[in-house]
Amino acid sequence: MASPSSNPFYGSSAGTTPANSGYQRLALDNLIRRELKVSDPNDPQQIANALLERFKDDPRAKAISQEAKGLPFLLSTSTNFVPMVQAATSSDAELQQAKNDVERDLQELLTNPLLKDITPEIQGWAQALRTAIQEGTTAARFALDPRQRDKAFAIRRQLGDYARLARLVGALTPTMSLSYRKFAQSLDEVAAVILVIMGESLANVGFNGGRFLLQTPYSELQVRRDAVIYALRNLIGATQEAYGPNDWPRGLDAYRNLFRILEEQGHGDLRSLLLEHELVRIMDELIQRASHGRTEGLRALGATAQVDLERFRRLVIVGRQAVSPESPPLTAFLEALALFADAFESSGGFRLMRIARPPILFYGLYGTTTMGDADRTLLDLIIQRGLLADELDCFMQCGCNPKSVRYQIILDKILYDVDRAIDLYAVGKHTFGAPERRAAAYSYLIEHFLDTDSQTADDTGPDKYRLPTSLSNDTPPGILQVIQAKLRPPLPVTDPSTARAVNELTEFANDIQSTLKNTGLCEESPNLCEEIELYIDRLATDRQNGLITMDNLTALYT
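Residues numbered from 1 in each chain as written. Predicted model: local features only at pLDDT ≥ 70, side-chain atom pairs only at ≥ 80, totals over all residues. Heavy atoms only, no water.

### Some details on the overall build of the protein
No. 1: Within the protein, the regular secondary structure consists of 24 helices and four strands.
No. 2: The burial tally for the protein puts 41% of its 558 residues in the buried class.
No. 3: The long-range share in the protein, meaning contacts at least 24 apart out of those at least 6 apart in sequence, stands at 69%.
No. 4: As presented, the protein carries roughly 30800 Å² of accessible surface, and 55% of it is formed by carbon and sulfur atoms. (Helix = DSSP H or I, 4+ residues; strand = E, 2+ residues; numbered from the N terminus. Buried < 20%, exposed > 50% of the residue type's maximum accessible area, 1.4 Å probe, protein only. Contact = heavy atoms within 4.5 Å. Areas by Shrake-Rupley, 256 points an atom, 1.4 Å probe, with all protein chains shown as cover.)

### Thoughts on a nonpolar patch on the surface
No. 1: Nonpolar side chains collect at one region of the surface, where Leu 165, Leu 168 and Leu 172 lie side by side and expose about 250 Å² of accessible area between them.
No. 2: Among the secondary structure elements, Leu 168 is positioned in helix H6 (residues 146–172).
No. 3: On the basis of relative accessible area, Leu 168 is assigned to the partly exposed category, the value being 34%. (Patch = residues over 30% accessible without salt bridge, like charges linked within 9 Å, V, L, I, M, F, W, Y side chains within 5 Å. Salt bridge = Lys/Arg side-chain N within 4 Å of Asp/Glu carboxyl O.)

### Some points on the pattern of salt bridges
No. 1: Here the structure, examined in full by the defined rule, presents 32 salt bridges.
No. 2: Among the charged side chains, a network of salt bridges with common partners joins Arg 167, Asp 188, Arg 385 and Asp 419.

### Some points on the side chain of Thr 506
No. 1: Turning to its location among the elements, Thr 506 is positioned in helix H21 (residues 496–518).
No. 2: Looking at Thr 506, its side chain comes within polar contact range of the main-chain oxygen of Val 502, at 2.7 Å.
No. 3: The residues touching Thr 506, leaving out its near neighbours within four places in the chain, are Ile 536, Leu 539 and Arg 543. (Polar contact = N/O pair within 3.5 Å; in protein donor to acceptor, adjacent residues only side chain to side chain.)

### Some remarks on the packing of H6 against helix H18 (residues 402–427)
No. 1: Two numbers describe how H6 lies on H18: the axes approach to 9 Å, and their chain directions differ by 170°. Here H6 lies roughly antiparallel to H18, going by the angle between them.
No. 2: Residues belonging to the contact of H6 with H18 are distributed by class as follows: 11 nonpolar, two polar and 10 charged. (Axes fitted to C-alpha atoms, helices over the stretch in contact; angles between N-to-C directions. Parallel < 35°, antiparallel > 145°, perpendicular 65-115°, else oblique. Nonpolar A, V, L, I, M, F, W, Y, C, P; charged D, E, K, R; others polar.)

### Quick word on the nonpolar core
No. 1: Counting 68 residues, the largest nonpolar core has Leu 159, Phe 183, Met 198 and Ile 414 as its most contacted members.
No. 2: Examining the composition of this core, we find that 13 residues originate from one element, helix H7 (residues 177–204), more than from any other.
No. 3: Counting residues in hydrophobic clusters, the runner-up holds 38 residues, among them Ile 229, Leu 258, Ile 261 and Ala 341. (Core = buried A, V, L, I, M, F, W, Y, C linked by side-chain atoms within 4.5 Å.)

### Focus on the packing of helix H5 (residues 119–140) against H6
In a packed pair of helices, the relevant descriptors are the angle between the two axes and the axis-to-axis distance.
No. 1: Where H5 contacts H6, the two axes come as close as 8 Å, and the packing angle between them is 150°. Comparing the axis directions of H5 and H6 gives the class roughly antiparallel. The element H5 and its partner H6 pack so that their crossing is left-handed. Facing Trp 125, Ala 128, Leu 129, Ala 132, Ile 133, Glu 135, Gly 136, Ala 139 and Ala 140 of H5, the residues of H6 in contact are Gln 148, Lys 151, Ala 152, Ile 155, Gln 158, Leu 159, Tyr 162, Leu 165, Ala 166 and Val 169.
No. 2: Each residue belonging to the contact of H5 with H6 can be placed in one class, and the counts come to 14 nonpolar, three polar and two charged. (Left-handed = near helix turned anticlockwise from the far one by under 90°.)

### Quick notes on the side chain of Arg 488
No. 1: Mapped onto the elements, Arg 488 comes out in the loop between helix H20 (479–486) and strand S3 (491–492).
No. 2: The buried category is assigned to Arg 488, whose relative accessible area is 10%.
No. 3: If we skip the residues at most four places from it in the chain, Arg 488 touches Ser 443, Tyr 444, Glu 447, Met 550 and Asp 551.

### Considerations on unusual backbone geometry
No. 1: Note the cis peptide between Ser 324 and Pro 325, where omega equals 0°.
No. 2: By secondary structure assignment, the location of Pro 325 is in the loop between helix H13 (310–320) and helix H14 (328–342).

### What to know about H21
No. 1: Here H21 is 23 residues long and its end C-alpha atoms lie 33 Å apart, about the 33 Å a rise of 1.5 Å per residue gives.
No. 2: Inspection of H21 places Thr 498, Val 502, Leu 505, Thr 506, Ala 509, Gln 513 and Leu 516 among the buried residues, and these make up the whole buried set.
No. 3: The secondary structure elements touched by the buried residues of H21 are S3, helix H22 (521–524), helix H23 (526–545), strand S4 (547–548) and helix H24 (550–557).
No. 4: Positioned one or two residues after H21, Gly 520 has a phi angle of 80°, which is positive. (Expected span 1.5 Å × (residues − 1).)

### Thoughts on the packing of aromatic side chains
No. 1: Taken as a whole and judged by the stated rule, the model has five aromatic pairs.
No. 2: Look at Trp 125 and Phe 183: their rings are 6.0 Å apart centre to centre, the planes differ by 15°, and that puts the pair in the stacked class. Note that Trp 125 is positioned in helix H5 and Phe 183 in helix H7, a separation of 58 residues in sequence. Here the two residues Trp 125 and Phe 183 agree in accessibility, since each one is buried.
No. 3: Consider the rings of Tyr 255 and Phe 259, whose centres lie 6.0 Å apart with planes at 50°: the pair is tilted. Of this pair, Tyr 255 and Phe 259 are both found in helix H9 (residues 250–264), four residues apart, which corresponds to roughly one turn of the helix.
No. 4: Residue Phe 259 is classed as partly exposed on the basis of its relative accessible area of 33%.
No. 5: An aromatic cluster of at least three residues, connected via ring pairs, comprises Trp 125, Tyr 162 and Phe 183.
No. 6: Here the guanidinium or amino end of Arg 420 rests over the ring plane of Tyr 416, the centre of that ring lying 4.8 Å away.
No. 7: The ring of Tyr 444 carries the charged tip of Arg 488 above its face, separated from the ring centre by 4.0 Å. (Phe/Tyr/Trp six-rings, centres within 6.5 Å; stacked < 30°, edge-to-face > 60°. Lys NZ or Arg CZ within 6 Å of the ring centre and 35° of its normal.)

### A short note on H24
No. 1: Among the residues of H24, Met 550, Asn 552, Leu 553 and Leu 556 are the ones counted as buried. The arc that holds every buried residue of H24, seen down its axis, measures 165°, which confines them to one face.
No. 2: In the core, the buried residues of H24 are packed alongside helix H19 (434–449), S3, H21, H23 and S4. (Arc of directions from axis to C-beta.)

### A few points about the environment of Ala 203
No. 1: Along the chain, Ala 203 falls in helix H7.
No. 2: Looking at Ala 203, the relative accessible area reads 6%, which means it is buried.
No. 3: Considered as a pair, Ala 203 and Phe 350 are 147 residues apart in the sequence and their alpha carbons are 8.9 Å apart.

### Let's talk about the environment of Tyr 416
No. 1: Topologically, Tyr 416 is positioned in helix H18.
No. 2: Taking the C-alpha atoms as reference points, Tyr 416 and Arg 385, 31 residues apart in sequence, are found 9.5 Å from one another.
No. 3: Excluding residues that lie within four positions of it along the chain, Tyr 416 makes contacts with Arg 157, Gly 160, Asp 161 and Arg 164.

### Brief notes about the confidence of the model for the protein
No. 1: Confidence along the protein averages 79 in pLDDT terms, with 78% of residues attaining 70 or more.
No. 2: For the protein, per-element mean pLDDT is lowest for strand S2 (residues 467–468), which scores 59, and highest for H5, which scores 93.
No. 3: When the criterion is pLDDT under 50, residues 1–16 qualifies, and its contacts beyond four places in sequence or with other chains add up to 14 contacts.
No. 4: Counting interchain partners and residues more than four positions distant, the pLDDT-below-50 stretch residues 75–87 has four contacts. (pLDDT = per-residue confidence, 0-100.)

Rendered as C-alpha cells:
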C-alpha cells in the first residue's frame, strides 16, 4: 500500500498550510473513492484496475490490456465516420414553417410604407424576437433539464408578451390591424411549437410510465453536496479556525447538545449522519444513481430517493428543536441538508407529453392509458384557446369604433391569460394544486369582463371595461363560458385543503349570520340573510355529493 507521501497527487506548495493540505488530501480521497469506486485511494493497483474498468471501451485501454498479456501494443486504425443525416421530424418542419412565417411578417412590417417612421422600433422587435426564438427552441430540446425547461417557459411567455403587444398596436391602428394580428399569430405558432418540442424531448428519452423529474439540474447536486460538507465541518469545529477570546463556540455547543439529544431519544441512526464519511457516502450514492439526469437514473431515483432521504428529513426535524436559542452553524447545516433533500423532490412537467404525443401511443409505450381530470382540462383549454384566437382575428373587421377597439383589447387580454393558464396546467403535477389554483384565478377575470348582469356595458366607471352579454353571441357559442367552466373544476371533498376551506368558510358564514340575527340586521336586509342561508345549504349539498363546486364556494365568500 502506498503512503500519502509517495502519492504524486499529494504535492505541497510553499504557501500551503498543513490544515489546507489536509483538506486537499481529504477532498482528493473523496473524489477518487466516489468516481473510481475504490476503497483505498493510495493503492495504485486499485486505481489502475478502476481506470481500466471505467474506460474499458476505449481502444487505448484494450491496447494496454493486450500489452499486459504479452501481445503487441496495437491500436485499431481509425476510420472516418460519416454521420447520418437525421430526418426532420414533424415538429422540426412545423418549427421551420413558424420561423418562416415570423420572418415574412417582420419583412412585411419593415417594408410597409405606412410604417416607415417606426422602422427602428420594428427592427428592435426583430432582433429581440430572433434571439428569443433561437434560445427558446434550444432550451426546449433539453427540457429534461429543469433549468432549460424553465427557460423555455420564460421564452414562451416573452413571445406571448410580444404577441399581445402586436395585437394592441394593431387594435389602435386599424389600417394595419390585419398585418399586426398576422404577426402575432406567427409568434403564437412559435410559442406553441416550443411547448410541443418540450413534450417531445421528455417523450423521446423513454420514461415508459416513470413520473420522476429532478427539481434541479444534475450539475447543481454536486454544489449542494459540497455545501452540506462545508456546513458540517463548520458545525463540528473542523475548520481549524481559532476562536477569539470573547467568541462563544456556538457550533461546538450546538453539536454537543444535538449529539446528546440524539443519544437520549434513541436516534442512534441519525448520529451517523454527523460523520463526514458516512454522510458523503449517502449523498454520493444518490448523485451517482441519478446517472447524469438520464432516464434510467431518474427512474431509479424515483423508486429509492424518498426512502434514502428519510433520515435526512428526520435529522432536520429533530435538529431544529434540539438547541435553544438557535445556533447559526447548526441552522446552516440543517438548511444545507434540507436543500440537498429538496433537490430530489419530483417536479411537474409530464403533462407536456400529453401535448406532444397522441393518446393512442400512451397504451404500453408510456405506461398509462388513463387520463386525469387535469390532463383533460389542459387539452380542452388548448382547443378552446385556438377557437377563441381564430374568432378574435376577425372581430374588428366589421367596424373600428371606440367600443369595438375597447372590446378587442379586452378580448386579447383574455386570450393572453388563457395562454398563461395553459402554461400553469402544463407544469402542474396535481389535480388541483397551486399552479391549477392560480390558473383558476383567470376564470374570475373572464367572469368580470363578461358582464352577465346587464345587456350593455356602461361607458363610465369601472363597468366600462366589461363586455356586454350580447357580445358573446358574436363569438363561437359559449367559448368564453366553456373556458371559464374548465378553469373551475369540481373539487373533491376528500382533498384536505378543500375540506379545510369549506369548513372554515361555513363556520365563518354561520358566525356572520348569527351576528346579523342578534343585531337585528336580518330584519333590515332579509335578502342578505336568505342568500347566506341558501349558499350554506348548497355547500352542504355539495359535501354530501362528494364534490364542491367553486361557484357555490365563491358565491358564499362574496
